[in-house]
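# Structural characterization, general
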Amino acid sequence: MAFQWENYTAGVCYYPEHWPEELWAGDLDRMLQNGITVVRVAEFAWNKCEPEEGVFTYDFWQRFLDLCSEKGMQVIFGTPTATPPAWITEKYPEVLNCSREGIPYRHGCRRHYNYNSPVYRKLCSRIVEKIAQAYAKHPAVIGWQIDNELNCETDEFYSDADSQAFRAYLQQKFGTLEKLNEALGTVFWNQTYTDWSQIYVPRPLLHGGYNPHLMLEWRRFISESCLSFCEMQAAILRRHKKPGDFITTNGLFAGMDNHRMTRESLDTYAFDFYPNFAYALNNASPDTSLRDRWASLNLINARSVCPHFSIMEQQSGANGWANRLEACAPRPGQLTLWAMQGIAHGADFISFFRWRTCRIGTEIYWHGILDYDNRENRKLREVRGFTEKMKKIAPVCGAAFKASFALLRDYDNEYDARFDTWHRRVLQPSHDGIFEAAARAHLPYDIIFIDQPDAAEKIAQFPVLIYPHPVITDEKRVDLLKTYVENGGTLILGCRTGYKDMQGQCPMLPQPGLFAPLTGTDVQDFTFTTFAEPDSWADMDGTALDTPIFNDIITPLPGTRVLARYQESYYKGEAALTENTVGKGKVMHFGSVFTKDNTLPILRHTGVKNLFSDICTAPETVEMVLREKEGKQYLFLLNFPNREAEITLHIPCKCLYTGDTLQGPVTLSPFGTLVLEL
Amino acid sequence: MAFQWENYTAGVCYYPEHWPEELWAGDLDRMLQNGITVVRVAEFAWNKCEPEEGVFTYDFWQRFLDLCSEKGMQVIFGTPTATPPAWITEKYPEVLNCSREGIPYRHGCRRHYNYNSPVYRKLCSRIVEKIAQAYAKHPAVIGWQIDNELNCETDEFYSDADSQAFRAYLQQKFGTLEKLNEALGTVFWNQTYTDWSQIYVPRPLLHGGYNPHLMLEWRRFISESCLSFCEMQAAILRRHKKPGDFITTNGLFAGMDNHRMTRESLDTYAFDFYPNFAYALNNASPDTSLRDRWASLNLINARSVCPHFSIMEQQSGANGWANRLEACAPRPGQLTLWAMQGIAHGADFISFFRWRTCRIGTEIYWHGILDYDNRENRKLREVRGFTEKMKKIAPVCGAAFKASFALLRDYDNEYDARFDTWHRRVLQPSHDGIFEAAARAHLPYDIIFIDQPDAAEKIAQFPVLIYPHPVITDEKRVDLLKTYVENGGTLILGCRTGYKDMQGQCPMLPQPGLFAPLTGTDVQDFTFTTFAEPDSWADMDGTALDTPIFNDIITPLPGTRVLARYQESYYKGEAALTENTVGKGKVMHFGSVFTKDNTLPILRHTGVKNLFSDICTAPETVEMVLREKEGKQYLFLLNFPNREAEITLHIPCKCLYTGDTLQGPVTLSPFGTLVLEL
Amino acid sequence: MAFQWENYTAGVCYYPEHWPEELWAGDLDRMLQNGITVVRVAEFAWNKCEPEEGVFTYDFWQRFLDLCSEKGMQVIFGTPTATPPAWITEKYPEVLNCSREGIPYRHGCRRHYNYNSPVYRKLCSRIVEKIAQAYAKHPAVIGWQIDNELNCETDEFYSDADSQAFRAYLQQKFGTLEKLNEALGTVFWNQTYTDWSQIYVPRPLLHGGYNPHLMLEWRRFISESCLSFCEMQAAILRRHKKPGDFITTNGLFAGMDNHRMTRESLDTYAFDFYPNFAYALNNASPDTSLRDRWASLNLINARSVCPHFSIMEQQSGANGWANRLEACAPRPGQLTLWAMQGIAHGADFISFFRWRTCRIGTEIYWHGILDYDNRENRKLREVRGFTEKMKKIAPVCGAAFKASFALLRDYDNEYDARFDTWHRRVLQPSHDGIFEAAARAHLPYDIIFIDQPDAAEKIAQFPVLIYPHPVITDEKRVDLLKTYVENGGTLILGCRTGYKDMQGQCPMLPQPGLFAPLTGTDVQDFTFTTFAEPDSWADMDGTALDTPIFNDIITPLPGTRVLARYQESYYKGEAALTENTVGKGKVMHFGSVFTKDNTLPILRHTGVKNLFSDICTAPETVEMVLREKEGKQYLFLLNFPNREAEITLHIPCKCLYTGDTLQGPVTLSPFGTLVLEL
């Protein structure tokens, strides 16, 4: 990354345009008094710069930036392209995104534009150019945010501009209609295209029975569209920004290649972190024990994109639009807990959303630090406490996150599983199951995207990899993993491995397809499990592994060991889990999905290490994070439940909050945190 | 009101156009023989008067009205504007209402028109004028019904005509775009309007994330549109009708100011009463004990609009369209029970829907008194029994309903809660909870709309008011309540009081905002309750008050007493219910919603009187209603369950059905009723 | 029927266009080696014959057909009209069907065309003509399939072409607008049409509150449209086909008169049989004991259309589109079980779907016999085993199915119940209840459509008929049943009998309307049952009959016996089941719906015969089918659960699989089958 924070820094999202100008100075003073030294502004304020087409005004932000300089406040400036002015969408309705039925999303919300409209691209380029020209050299500015939450609200695009761009994308990728028809398997159901003009983004059809290969390309196309829209802005900002200032955007949203975007267009990656969605009133999940900690799955993803990232929006109050997403106020201690969790996972900049709850609009319930009444409150006191702690843990900044193993993912399979329910039914549960198993067992893991250029280098650092369901694969990926295993790594693969190629077609190969030489297995039969039979399970030397949802019935090839065998249905006694030695390493092939229960026995078989066993013993509801820098190790302890937690430190540790040395039994308060130097 | 029935009167809805003309005379004779002296006709019969555009025919209704005169039947004549002819909607599709997506609702159902189409207004004015000219002087006619069930089927309007009228409405209200933008808080998400033409009624946008201030104005606009459509017709009818004849319409539907409509355009208000929706097959409510009695909430509302009202449609059979709303046949006794409940609450005219079940169309299952076979049946016998009882209770007619307390409502808050889920989540449960608590405790109440001109006068008659959640308020309303309290009244307010102004914006004020001087409280923290914690509750001197859904954490100002304190979550021990003395009165501030359980302890604290304690003791499932006229009191007893009820009369009472004097234990039959003179 | 298979024949669905031409010969060889002698091809391959408008190519299929001749493979050739090429739907979007909102269903799925577009009819006629000209004389061809699964995907049509054709249909049927208005009851809600152009197929309206008489005609119109589209193709094929070759299509789908289509346009009927939908992952039905056997309800229907039918698509693997309908793989034995069930019910040709699982497109999970890997597998082995068994049971081919009683149905009532929920709520449960009761009691039944010309002849063969809810009826049907009863038959009728005429209007008659002379009853009161009361039931001489959903309260006329009386609600003691003697026969009138519990006591009262009592005793989960031919009887035993079944043969039987003689206790394996000669 081109940019990394040198010190832990606290920021806040601020909307000068929402408040009387008389409040600005007082607001900035109070922020600084509470340890907040950066504001993120302007990301929805197009009208403040171009109130009518082609008429540009600069006074408003000039006054604000000058005041920031005067007060010593630093500014991250947002480009305003997430909310086109009414004068654009009224005059140029072709800039709007549509529903699949072709009904445009209208003015009044946000992100209702499409990435591909030529006129919107032109208007966006111009406003970004104008803003960059005006403010990039301002001393208060330290960085830039492109748009706001790309692909949030929706990552499906159906406008005419998208159909046109989709045709161009396909034409560039496949060259001829013959190759296109081959790649999309259009001979099925007589779908053959005989003219490029016959191709559209998905339009309504009966039962949503789309061509899955077309859907996969459409997903790739959306990612391309999003990334090129982002790069269009980044290129302008790069020309204008001061040396050392950074370009970022705030994620993390699906349907786009966040890794490539960050690598190609950004200097650092930022992430918006709202753990309280876990307690949204419409959250139907019955299990509460890991509920808000589940947000750390997003932190692992953010860390995968950028190991030292920013949190551009850290929840600081109850959230909700006027019509949805209602969640209760964070309990005392939770703001600190969540912010410290962000830091533990690699965030060096924590920017709270927002300074003061908005008095108007759809987000009057997306509460900020301050409430409508603008008075000191428990949330501001907690933020102040946090920024003080943040200073005390300064030595940790820049330390590396230590993980026990790595989980492999890639965008092709994610995109394919968006449409293909047979794929999705195995992918999502495995990601959830592995997360919960690892969380409860204190086995932190990294996520590595195997489709990124640095994958080989990254995976080499881990003794164990789980690639739950590489349904789609190619020789390059298999080769990369072969090298990893031959060099001594252990690779774990789940059911449905390798039955599709990069177009989502099923090659005429025994499963697991290209992986067969690695797994040493042959899948001659496979099935969803059925409610007509007892729950599927396998026996692994006396340990019961649940094997729900889908079962590959595995035939081990010569030399491959059987570790577990199915115990139900017509394939009782057949292999459910095998192990094959390849070079210095091993490949385990599991015939089902990974769950919170079966993942740990499988992982344990690999000998994966618990990083904390010599350091600390803690309940499974306490998250432990180990960081390392210049030979020193740091331990984060995060107590998620609203009750005390008893932990035991096996070695003397220095509490960075207080400077005290701790050892033996220690009590964490409800929602409490500790950061220890080992 | 300009019109009040002098005697209890029974009517029926009749559709001469559905039946061979040979049946008319026999039908009218049988009605009269069974005590029915009024028919309501013609409200869907546009084609009978204008079979093609500009061609008017008068014979059909002339013959029918003449026959009515001959038989001695009185007629309420409906204007036919609820069902435009096919020739209108085919030629002028702009008269149609649309879905939010802009898809018109087509010919074939009813109420598919919009209120604002100029051409529809012109065509409606003309047909009403023609009908009034033709029949207003007819001696059989005694009154007029405007349209049918205004705002039924839908109270959301999305046509182009609505967008144009909405712009005009906003322009008139706000004058300039600057003021409009200020009022609608359009600076949020860059929504600023720079031309009136950019404004529309709600159109599709992502996640329905609308501007709540715009939605509030749209709701007000719909009410305005409906009322002006009604007044357009009323003005014509007023010019033509005979002295003493009345103008009414039949409600009661949401999304419109029924009070103002009645005050400005009608001579009396009519209400359509279908208690059996409580037993519709798709009714998912699990609790059956107060099920059809819940309909009396509608009666309280109707009484609020007009203390002596009419029931234009009284359920007289199973109901259902061919595709929905299926409910079982009323059980023997229920027709009488429901009709008597209507009378108890203030209805002086009971018109059954309908004479005979329709043989054709969508409502073949909206059963009338007679079935398809046109034979005498148990329902007709029950109607006859009812009309006989009705004559015997004649002295009650015009007596005043006695209530123990009043519930305050207003349209601004109702409209706001239609879109704002944070608002709706507290408003609806409190209305339901208060109703059930009052019903079970025999504490009848009135509903008073504080936004109506007679509010001050009305509230002065009650010792206790509950205004559950005046989220939206202004100084005028607060002043009105201040005067009430200073003069000795007790005002009870719930959570979320006073955090919005009349535009639905949140002023920069400590909560409860303008109410703070009355409540003597400060709300510094507040939260939805969460499933992550035990159920919220408060202790009130040993009585447990459930405090679900939302909790304002109340800080009492000096002088304010704490009546109950929360017992869970981080605000355990903080005030949940307080009492402040203001002048001769008191203001109680409750930090949560009102439920069937917590309402009664709170009400009891006020010393509210049970009107029946010296008169009668009855189970909670028996509704008791007290009426008073010229020094005499009348008691209605209504037994809702299908089982006998034991009651005890503490004083001698005269049974108006039989003339007998009753005292001591009395048994009410299943679904049985009694009307007693005390 | 013009065509009947002389011997049991096995086929397979094959898609030469999906595979490299090099695979064809090997595929055909393997099919023949496994007992498959017929392939069905070409039904989605328009582009292989007309790759652009008006350009016809014949090489592809010529090569394939020649190869078939060479190998000795027979071919059923499909017309390709279910999937129009992209060049058609792009150039002529008017050929597309639409959603009710008017949004076209686009290219990419199948069956997205409408039956009434003149241009589509012209293009279809031409391609069928060209194909027939080219291949009809080819020696490999033995039959033709028209289109694919007519009315599958949807049987609702909303295009402009449909509206225009609907007007023509109504004009032809009713002649004048006056008669149309009368028939559709348009006086209700002022729906009167004053010009034919005002009439449309259903368009969006509020709450879906359609005119039920219009909806009934629209259903009839859809059937007409479908049948005339089919006949258009059949007429062409008839001109070209070789003598002895047959024309068919594959069903069985709702919303069309399958009987008339078969009679008028086809030589034999074919049916697509997918029992595993019973185990689809989204199947919410809790009861598993008869789950896949429920598919035999479809077999009874298919037998009703054509006693000796074909199964054009027999499930041979897990099924599923990429986005829906996921079901597990058939368990070993189920392929044989299901295929034998098809044969038991009258299928003489079993064509498996499909030879090899498709590698591409929406149906990559609609698994064929072979999997993607093209290797021998357990499914192919099972098919081979089946075809061997099929040869051994050859003597059964052509034998007649023996049923204990008949169930009456008709299209008018089916169509009416599609829209009318009061009708549907009784019809569907009765069909399900009767099926389950009969299945468990080993009482096989036939379905007879009373609206077909052969109804009188067919019903005369049965001692007992159940006509559960002839809501719609006319004198002709009643007369037909009167004759049946007078000649000694027993007719059982359920609730809601006879309250509508052929237009779905309710005549002014005592219920059961025209049936009253047969039932000897009068229904003066009726009601849905309600959750406010205990479950409704009736006592039949000590046997409790459940009487859920709806209750006709029956008054027996003089001479009519009461067999059961209601025991709950206000009609306790009233008749629930009566019996009237008419001529030599009897009519039973039941006031409720037929359920799995009440059907058997009612049937037993008629003395209906168990065909198996002297032959075999088997558990209720084993289906028994008796076939008869030339004085010989054959018994099929089908064991549906995944466990052994103990049966007892009371007479010596010859096992056609082995030639052994069996008698006394016999064990059926899980999913096992036996075919015995008695």
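These figures come from a predicted structure and were not determined experimentally.

### A few points about the overall build of chain A
If you tally the helices and strands in chain A, you get 18 helices and 27 strands. Relative to its length of 678 residues, chain A is compact, with a C-alpha radius of gyration of 26 Å against a globular reference of 26 Å. Each principal axis of the C-alpha atoms in chain A carries an extent, and together these give about 80 × 75 × 45 Å. A burial count over chain A gives 58% of its 678 residues as buried. Expressed as a percentage of contacts within chain A between residues at least 6 apart in sequence, the contacts between residues at least 24 apart total 73%.

### Examining the relation of the copies chain C and chain B
Mapping chain C onto chain B leaves a residual RMSD of 0.0 Å; the transformation is a rotation of 120° accompanied by 0.0 Å of translation along its axis. Viewed as a symmetry operation, the transformation between the two copies matches a three-fold axis.

### Focus: the interface of chain C and chain B
Where interface size is given, it is often the accessible area lost as the parts come together that is meant. On the chain B side, the residues contacting the 41 residues of chain C number 53 residues. Elements supplying a minimum of two residues to the side of chain C that touches chain B: helix 8 (212-240), helix 14 (421-440) and strand 15 (521-528) of chain C. With 4 residues, strand 15 of chain C is the largest single contributor of residues to the side of chain C that touches chain B. The residue makeup of the side of chain C that touches chain B, split by class, is 19 nonpolar, 18 polar and 4 charged.

### Quick word on helix 12 (residues 378-392) of chain C
All names here are of chain C. Taking 1.5 Å of rise per residue, the 15 residues of helix 12 would be expected to cover 21 Å, and the 21 Å separating its terminal C-alpha atoms lies within 8% of that figure. Looking only at helix 12, the buried set comprises Lys379, Leu380, Glu382, Val383, Phe386 and Met390. Within helix 12, the buried residues cover an arc of 155° as seen down the axis, which keeps them to one side. The outward face of helix 12, more than 90 degrees from its buried face, is lined by the exposed residues Glu388 and Lys391. Along its buried surface, helix 12 packs onto strand 1 (9-13), helix 11 (334-345) and strand 9 (347-353).

### Here we look at the confidence of the model for chain A
Looking at chain A as a whole, its pLDDT mean stands at 96, while 99% of the residues score no less than 70. The ipTM value of the predicted complex is 0.97, and its pTM value is 0.97.

### Things to note about the packing of helix 13 (residues 411-419) of chain A against helix 14 (residues 421-440) of chain A
Residues and elements named next belong to chain A. Running from amino to carboxyl end, helix 13 crosses helix 14 at an angle of 120°, the nearest separation of the two axes being 6 Å. Taken together, helix 13 and helix 14 sit at an angle that is classed as oblique. Helix 13 and helix 14 meet at a crossing whose hand is left-handed. Two secondary-structure elements touch here, helix 13 through Asn413, Asp416 and Ala417 and helix 14 through His423, Arg424 and Leu427.

### Comments concerning the sheet that holds strand 6 (residues 250-251) of chain A
Residue and element names in this part refer to chain A. Judged by pairing direction, the sheet is parallel, and its 9 strands sit side by side in the order 5-4-3-2-1-9-8-7-6 without closing on themselves. Only two strands of the sheet have a single partner each, and these edge strands are strand 5 (246-248) and strand 6. Where strand 1 (residues 9-13) lies against strand 2 (residues 38-41), 3 bridges are found, and the strand directions are parallel. Bridge pairing in strand 2 places Cys13 opposite Arg40. The strands touched by helix 11 (residues 334-345) are strand 7 (270-273), strand 8 (309-315) and strand 9 (347-353); relative to strand 9, the strand with the most contacts, the crossing angle is about 150°.

### As for the environment of Pro275 of chain C
Residues and elements named next belong to chain C. Along the chain, the position of Pro275 falls in the loop between strand 7 (270-273) and helix 10 (295-305). Judged by local crowding, Pro275 falls into the buried class, with 26 C-beta atoms found within 10 Å. Spatially, the C-alpha atoms of Pro275 and Phe594 are 24 Å apart, while their sequence positions differ by 319 residues.

### A look at the interface of chain C and chain A
Between chain C and chain A, the contact holds 53 residues from the first and 42 residues from the second. Looking at the side of chain C that touches chain A, the elements that each hand over two or more residues are helix 2 (46-49) and helix 4 (86-91) of chain C. Top contributing element to the side of chain C that touches chain A by residue count: helix 4 of chain C, with 3 residues. Classifying every residue of the side of chain C that touches chain A gives 24 nonpolar, 15 polar and 14 charged.

### Concerning unusual backbone geometry
With an omega of -10°, the peptide bond between Phe353 of chain C and Arg354 of chain C qualifies as cis. Within the fold, Arg354 of chain C resides in the loop between strand 9 and helix 12. Even without being glycine, Glu630 of chain A reaches a positive phi, approximately 45°. With respect to the helices and strands, Glu630 of chain A occurs in the loop between strand 23 (622-629) and strand 24 (632-639). With a phi close to 70°, Asn151 of chain C is a non-glycine residue in the positive phi region. By secondary structure assignment, the location of Asn151 of chain C is in the loop between strand 4 (141-145) and helix 6 (160-174). You can call Asn151 of chain C buried: it has 22 C-beta atoms within 10 Å.

### Comments concerning the pairing of strand 23 (residues 622-629) of chain C
All names here are of chain C. Sheet topology places strand 10 (residues 400-401) next to strand 23; 2 bridges connect them, and they run antiparallel. The partner of Ala400 across the bridge, within strand 23, is Glu628. Of the pairings in the sheet, the one linking strand 23 to strand 24 (residues 632-639) comprises 8 bridges and is antiparallel in character. Bridge pairing in strand 24 places Glu628 opposite Gln633. A loop of 2 residues connects strand 23 with strand 24, the two strands running antiparallel in sequence, and Glu630 in this loop sits at a positive phi of about 45°.

### Structural notes on the environment of Asn323 of chain C
Position of Asn323 of chain C among the secondary structure elements: in the loop between strand 8 (309-315) and helix 11. Residue classification places Asn323 of chain C among the partly exposed positions, given that 19 C-beta atoms sit within 10 Å. Separated by 40 residues in sequence, Asn323 of chain C and Glu363 of chain C place their C-alpha atoms 9.3 Å apart. Excluding residues within four positions of it along the chain, Asn323 of chain C makes contact with Gly208, Gly209, Tyr210, Phe419 and Thr421 of chain A.

### Thoughts on the sheet that holds strand 1 of chain C
All names here are of chain C. The strand order across the open sheet built from 9 strands is 5-4-3-2-1-9-8-7-6, with neighbouring strands paired in parallel fashion. Looking along the sheet, the strands with just one partner apiece sit at the ends: strand 5 (246-248) and strand 6 (250-251). In this sheet, strand 9 lies alongside strand 1 in parallel orientation, the contact comprising 4 bridges. Across the sheet, residue Thr9 finds its bridge partner in strand 9, namely Phe349.

### Some points on helix 11 of chain A
Residues and elements named next belong to chain A. Over its 12 residues, helix 11 extends 16 Å from the first C-alpha to the last, a length consistent with the 16 Å expected when each residue adds 1.5 Å. Counted residue by residue, helix 11 has 12 buried out of 12 residues, so it is predominantly covered. Every buried residue of helix 11 is accounted for by Gln334, Leu335, Thr336, Leu337, Trp338, Ala339, Met340, Gln341, Gly342, Ile343, Ala344 and His345.

### Section: the environment of Thr497 of chain A
All names here are of chain A. Mapping Thr497 onto the fold places it in the loop between strand 14 (490-493) and helix 17 (516-519). Exposure remark for Thr497: the 26 C-beta atoms within 10 Å place this residue in the buried category. On a C-alpha basis, the gap between Thr497 and Lys654 in space is 46 Å, while along the polypeptide they are 157 residues apart. Sequence-distant contacts of Thr497, defined by excluding residues within four places in its chain, comprise His469, Pro470, Pro512 and Phe515.

Scoring rules and cut-offs
Residues numbered from 1 in each chain as written. Chains lettered and ligands numbered in written order. Predicted model: local features only at pLDDT ≥ 70, side-chain atom pairs only at ≥ 80, totals over all residues. Helix = DSSP H or I, 4+ residues; strand = E, 2+ residues; numbered from the N terminus. Rg over C-alpha atoms; globule rule 2.2 N^0.38 Å. Buried ≥ 20, exposed ≤ 12 C-beta atoms within 10 Å, placed from the backbone. Contact = placed C-beta atoms within 7 Å. Least-squares fit on C-alpha atoms with pLDDT ≥ 70 in both. Nonpolar A, V, L, I, M, F, W, Y, C, P; charged D, E, K, R; others polar. Expected span 1.5 Å × (residues − 1). Arc of directions from axis to C-beta. pLDDT = per-residue confidence, 0-100. Axes fitted to C-alpha atoms, helices over the stretch in contact; angles between N-to-C directions. Parallel < 35°, antiparallel > 145°, perpendicular 65-115°, else oblique. Left-handed = near helix turned anticlockwise from the far one by under 90°. Pairing = 2+ DSSP bridges.

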